Amino acid sequence: MTDTPAAPPATAKKRALRIEIAPKTLYLIVALVVCLALLTQLVPVILVLVVALMLVGTLNPAVEALEKRKLKRTPAIFAVFLAVMVGVAALLVFTVPAIVEQVASLVKQEPQLRAKLVAFLSSYPLTASLASTVRGVQYAAVFKSFGSQALVMSRDLLEIVAYGAGAFFLALYIMIDRDRLRGALFAAVPRGHHIKLSRILLRLEVIVGGYVRGQIVTCALMGVFLFVLLTATGVPNALAIAAFGGIADVLPFVGIFMTMIPAVFAALAVSSVAATIVLMLLLCYEEFESRVLVPLVYGRALRLPSSIVLFALIAGGSLYGIAGALLALPVAAALLMLVEELKMDLPGEVPQAADRVTERRDNVGEAEYLRRTDGMGAEEAAAVAAAMTSQRADQEKQAQGQSEASIVPKP
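Everything quoted here is computed from the prediction, not taken from an experiment.

Enquirer: An account of the overall build of the protein chain is needed here, citing residue identities and associated values.
Expert: Within the protein chain, the regular secondary structure consists of 14 helices and zero strands. Counting from the amino terminus, the protein chain carries its helices and strands in the arrangement α-α-α-α-α-α-α-α-α-α-α-α-α-α. Counting across all 411 residues of the protein chain, residues that qualify as buried make up 27%. For the protein chain, long-range pairs separated by at least 24 residues make up 69% of all intrachain contacts whose partners lie at least 6 apart in sequence.

Enquirer: Run through helix H10 (residues 255-268), naming residues and quoting values.
Expert: Here H10 spans 20 Å end to end across 14 residues, near enough to the 20 Å set by a 1.5 Å rise per residue. Those residues of H10 that sit buried are Gly255, Ile256, Thr259, Met260, Ala263, Val264, Ala266, Ala267 and Leu268.

Enquirer: Any details on the nonpolar core? Residues and values, ideally.
Expert: Ranked by size, the top nonpolar core spans 25 residues in total, and within it Leu226, Leu230, Ile241, Ala263, Ala267, Val278 and Leu282 carry the most contacts. When residues of this core are assigned to their parent elements, the largest contribution, seven residues, is made by H10. Apart from the residues within four sequence positions on either side, Leu230 is in contact with Val235, Ala238, Ile241, Ala263 and Val278.

Enquirer: How would you summarise the side chain of Ser198 if you had to cite specific residues and measurements?
Expert: Looking at where Ser198 falls in the secondary structure, it is placed in helix H8 (residues 194-232). Judged by relative accessible area, Ser198 falls into the buried class, the value being 6%. Setting aside its immediate chain neighbours within four residues, Ser198 contacts Phe186, Ala385, Ala386 and Thr389.

Enquirer: Give me the lowdown on the packing of aromatic side chains, citing residues and values where you can.
Expert: Tallying each qualifying case throughout the model produces four aromatic pairs. Here the aromatic rings of Tyr285 and Phe288 are separated by 6.2 Å at their centres, their planes lie at 50 degrees, and the arrangement is tilted. Remark: Phe288 and Tyr285 occur in helix H11 (residues 272-298); sequence separation between them is three residues, near one turn of the helix. Taken together, the aromatic side chains of Phe81, Phe168 and Phe169 make up a single cluster linked through ring pairs.

Enquirer: Hey, could you go over the pattern of salt bridges for me, with residue numbers and the actual values?
Expert: Summed over the entire model, instances satisfying the criterion amount to five salt bridges. Between Arg73 and Glu67 there is a salt bridge whose closest N-O contact spans 3.2 Å. Judged by its relative accessible area of 14%, Arg73 is buried. With a relative accessible area of 27%, Glu67 lands in the partly exposed category. Across the salt bridge formed by Arg371 and Glu368, the nearest N and O atoms sit 2.5 Å from each other.

Enquirer: Kindly report on the packing of helix H9 (residues 238-248) against H10, identifying the contributing residues and their values.
Expert: Running from N to C, H9 and H10 cross one another at 165 degrees; their axes reach a closest spacing of 8 Å. In terms of axis orientation, H9 runs roughly antiparallel to H10. In this structure, the crossing between H9 and H10 has a hand that is left-handed. Side by side, H9 and H10 meet where Ile241, Phe244, Gly245 and Ala248 of the first sit next to Gly255, Met258, Thr259, Pro262, Ala263 and Ala266 of the second.

Enquirer: An account of a nonpolar patch on the surface is needed here, citing residue identities and associated values.
Expert: Taken together, Val30, Leu32, Val34, Leu36, Leu38, Leu39, Leu42, Val45 and Ile46 make up a surface patch of nonpolar side chains, about 800 Å² in accessible area. Inspection of the secondary structure assignment puts Leu36 in helix H1 (residues 23-41).

Enquirer: Break down the side chain of Thr259 for me, citing the residues and quoting the values.
Expert: Of note, Thr259 is situated in helix H10. In this structure the side chain of Thr259 is engaged in a polar contact, spanning 3.4 Å, whose partner is the backbone oxygen of Gly245. Aside from chain neighbours lying at most four places away, what touches Thr259 is Met222, Leu226, Gly245 and Ala248.

Enquirer: Go over helix H2 (residues 43-68), please, and point to the residues and values.
Expert: Owing to its 3.6 residues per turn, the α-helix brings residues three or four apart onto one side. For H2, spanning 26 residues, the distance from its first C-alpha to its last is 38 Å, which sits close to the expected 38 Å at 1.5 Å a residue. If you look at H2, its biggest bend is around 35 degrees, right at Leu59, and the proline Pro61 turns up within four residues after that. Among all positions in H2, only Val43, Val48, Ala52, Met54, Val56, Gly57, Thr58, Leu59, Asn60 and Val63 are buried. Where H2 terminates, the next one or two residues include Lys70, which has phi positive at roughly 70 degrees.

Definitions and limits used
Residues numbered from 1 in each chain as written. Predicted model: local features only at pLDDT ≥ 70, side-chain atom pairs only at ≥ 80, totals over all residues. Heavy atoms only, no water. Helix = DSSP H or I, 4+ residues; strand = E, 2+ residues; numbered from the N terminus. Buried < 20%, exposed > 50% of the residue type's maximum accessible area, 1.4 Å probe, protein only. Contact = heavy atoms within 4.5 Å. Expected span 1.5 Å × (residues − 1). Core = buried A, V, L, I, M, F, W, Y, C linked by side-chain atoms within 4.5 Å. Phe/Tyr/Trp six-rings, centres within 6.5 Å; stacked < 30°, edge-to-face > 60°. Salt bridge = Lys/Arg side-chain N within 4 Å of Asp/Glu carboxyl O. Axes fitted to C-alpha atoms, helices over the stretch in contact; angles between N-to-C directions. Parallel < 35°, antiparallel > 145°, perpendicular 65-115°, else oblique. Left-handed = near helix turned anticlockwise from the far one by under 90°. Patch = residues over 30% accessible without salt bridge, like charges linked within 9 Å, V, L, I, M, F, W, Y side chains within 5 Å. Areas by Shrake-Rupley, 256 points an atom, 1.4 Å probe, with all protein chains shown as cover. Polar contact = N/O pair within 3.5 Å; in protein donor to acceptor, adjacent residues only side chain to side chain. Bend = angle between axes of the 7 residues up to and from the residue.

Next comes the structure, spelled out in structure tokens:
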């Protein structure tokens, strides 16, 4: 008797895997895509809003100083903005005609400047090959391409002027409607977080305002230093080069090279000794500016690691050109501040002593704020939160000053 083989077990029926997306999820995805598309189209509008907020943070301390002198807020705002307009107009009237004249003079002197540059390059073996290249430069193609792009450049310049004027007047309206706008923002946030929100707004104002005011001071000092240096060394057209150097100083790391090249070439037309003096003194001033002047002017408003500064400049310049590079640093500082303010304790993370002190003060401040604003509207509550935050910031600043004074050894 032979054993019959056993029948193979019945195979289990394969189940089909079905993935279904809920209609609500589809709607959210479509809405997200539409919002991203709108944001890409509204980039100029967003940049205008960012510039307006930067102007608000820059000019608000001056308005508050006038308010402390018993001047009402609206007249103080108009006084500050009128002073800014008069200052900008006076600067343009006194500098633009002279700069245009000196640029025209530089263009007329181009053959002599190029001849001296060729002679200087030919005197050294390492740069002798560059001398023939500079000697053979033909300007016909350059002027032809420049002529074809002149219309585009003029259109871009008009757009920049229009956007700048729009940002200026938008900042004016934001400052006039500060209470209502701030009340609307606070109404959208739970009242238990109003103290933290007020502190974030105050720190944003300090960062942005300090950055813009610091840029104005450092650029003005660079322009004055360069003008005095070029005038002392007998370099012609010093005002035009100094104005360009002051504007280029806005960009860290890159601005000094943009300033140095035309200044040294213009000094080379005078003599090689003048070019050497200009080069060395500019390098010394850049070292002084980065190590002494910038920390003194900016203070704690914009303390970023050099790696973040360089990355922000590259990212901003790649995305939106010069405007992106100019806005990259305050935006990066603001994002780091938001990360610091809104961070959450991770599992296993040991909170620092300073964080515990801040959290304890926040809890006490929020309890006091809730007691004082019981029954108030959002606009009045926002004013109370701003006053409490400013008072706390002043107390912390005084305490820090006293602690630093106690550390300094007495003579």
